[in-house]
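# Working through the structure, step by step
The chain contents come next:
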Amino acid sequence: MALVRFTGVIEDGCPPQLRSSAAPLDPRVTLQITQQSSLTVEVVILTASGTPVDLTGAVVTLTVRKSPSDTYALRKTGVHQPAKGVVQFAFVPNDVLPNRVPFGWYVWILTVKNADGSIDVPIPLSPALVSATAAYP
């Protein structure tokens, strides 16, 4: 099973001179998923000052769409370690079948629905590539 790691950022009003080097200025990253393969996506969610975000009571969702306005092609709810700001999404081979999610370019976004109902976007719309398996051209 492949593992990829990303860092998401929730802006907290931190002045630029105090921004942590661990918190990227632009958290957009390309997600690559291979059809009919297993993949774990691990995201560390930090504030701009570098503090792990407490995810207690939050629902963290990774959504993949063909375009920003389309309905989702894939959606996963993460399993997280609340106090550490770490969330994991496990994709299994049946999640990305060629007839349900054809190979090609998509977009993905990571959202956090907090316990109070507010929504944060630690990874904004970013490119996603769904690759065909070797057995499926």
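Residues numbered from 1 in each chain as written. Predicted model: local features only at pLDDT ≥ 70, side-chain atom pairs only at ≥ 80, totals over all residues. Heavy atoms only, no water.

### Some words on the overall build of the protein
To be explicit about the condition: Numbering of helices and strands starts at the N terminus; helices are DSSP runs of H or I of at least 4 residues and strands are runs of E of at least 2. The atom set for the radius of gyration is the C-alpha atoms, and the globule formula is 2.2 Å times the number of residues raised to the power 0.38. Whether two residues touch is decided by their heavy atoms; if any such pair falls within 4.5 Å, the residues are in contact. A 1.4 Å probe and the Shrake-Rupley method give the accessible areas. Residues count as covered only by the protein chains that appear here. Here the positive residues are Lys and Arg and the negative ones are Asp and Glu; neither His nor the chain ends is included. Think of each charge as sitting on NZ of Lys, CZ of Arg, CG of Asp or CD of Glu.
Helix and strand content of the protein: zero helices and nine strands. Tracing the protein from N to C terminus, the helices and strands come up as β-β-β-β-β-β-β-β-β. Relative to a compact globule of 137 residues, whose C-alpha radius of gyration would be 14 Å, the protein shows 15 Å and is just as compact. Oriented by its inertia axes, the alpha-carbon framework of the protein measures out at about 50 × 30 × 30 Å. Sequence separation of at least 24 residues holds for 68% of the intrachain contacts in the protein that already meet a minimum separation of 6. Roughly 7300 Å² of accessible area belongs to the protein as shown, and the carbon and sulfur atoms make up 56% of that amount. Of the charged side chains in the protein, 10 are positive and 9 negative, and the gap between their average positions amounts to 8 Å.

### With respect to the sheet that holds strand β7 (residues 86-91)
Picture the strands of a sheet paired through backbone hydrogen bonds; they go either parallel or antiparallel. Threshold: For two strands to be treated as a pair, DSSP must find no fewer than two bridges joining them. Throughout, an axis means a line fitted to C-alpha atoms (over the contacting stretch in the case of helices), and angles, computed between N-to-C directions, take values from 0 to 180 degrees.
Overall, mixed pairing links the four strands, which are arranged β1-β3-β7-β6 in an open sheet. Looking along the sheet, the strands with just one partner apiece sit at the ends: β1 (2-10) and β6 (79-81). Taken pair by pair, the neighbouring strands of this sheet meet at an average axis angle of 20°, ignoring direction. Of the pairings in the sheet, the one linking β1 to strand β3 (residues 39-47) comprises nine bridges and is parallel in character. Within β3, the residue paired with Ala-2 across the bridge is Leu-39.

### Concerning the packing of aromatic side chains
What counts is decided by this rule: Note on aromatic pairs: the rings of Phe, Tyr and Trp (six-membered ring only in Trp) are paired at centre separations within 6.5 Å, and the planes decide the class, stacked below 30 degrees, edge-to-face beyond 60, tilted for the rest. Both a distance and an angle decide whether a charge sits over a ring: NZ of Lys or CZ of Arg must be within 6 Å of the ring centre and within 35 degrees of the ring normal.
Applying the stated rule across the entire model yields one aromatic pair. Over the ring of Tyr-106 we find Lys-66, and its NZ or CZ is 4.4 Å from the ring centre. The aromatic ring of Phe-91 is capped on one face by Lys-76, whose charged end is 5.7 Å from the ring centroid.

### Side note on unusual backbone geometry
Excluding glycine, most residues fall at negative phi; most peptide bonds, likewise, are trans. The test is simple: Residue burial is assigned from relative accessible area. The probe radius is 1.4 Å, only protein chains are included, and a residue is buried under 20% of its type maximum, exposed over 50%, and partly exposed in between.
Backbone geometry at Gln-36 places phi at a positive 55°, although glycine is not the residue there. Turning to its location among the elements, Gln-36 is positioned in the loop between β2 (31-34) and β3. Exposure remark for Gln-36: the relative accessible area of 38% places this residue in the partly exposed category.

### Brief notes about the nonpolar core
Basically, it comes down to this: Definition of nonpolar core: a set of buried residues of the types Ala, Val, Leu, Ile, Met, Phe, Trp, Tyr and Cys, connected through side-chain atoms within 4.5 Å.
Counting residues in hydrophobic clusters, the biggest one holds 27 residues, and the most contacted among them are Leu-31 and Ile-45. Those elements giving two or more residues to this core turn out to be β1, β2, β3, β4 (59-65), β7, β8 (104-113) and β9 (119-131).

### Regarding the pattern of salt bridges
Keep this limit in mind: When a carboxyl oxygen of Asp or Glu is within 4 Å of a side-chain nitrogen of Lys or Arg, the pair counts as a salt bridge.
Across all of its chains, the model carries four salt bridges by this definition. Two residues, Arg-5 and Glu-42, come together in a salt bridge whose shortest N-O distance is 2.9 Å. In this pair, Arg-5 is assigned in strand β1 and Glu-42 in strand β3, connecting sequence segments 37 residues apart. A salt bridge links Lys-76 to Asp-95, with the shortest nitrogen-to-oxygen separation between them at 2.7 Å.

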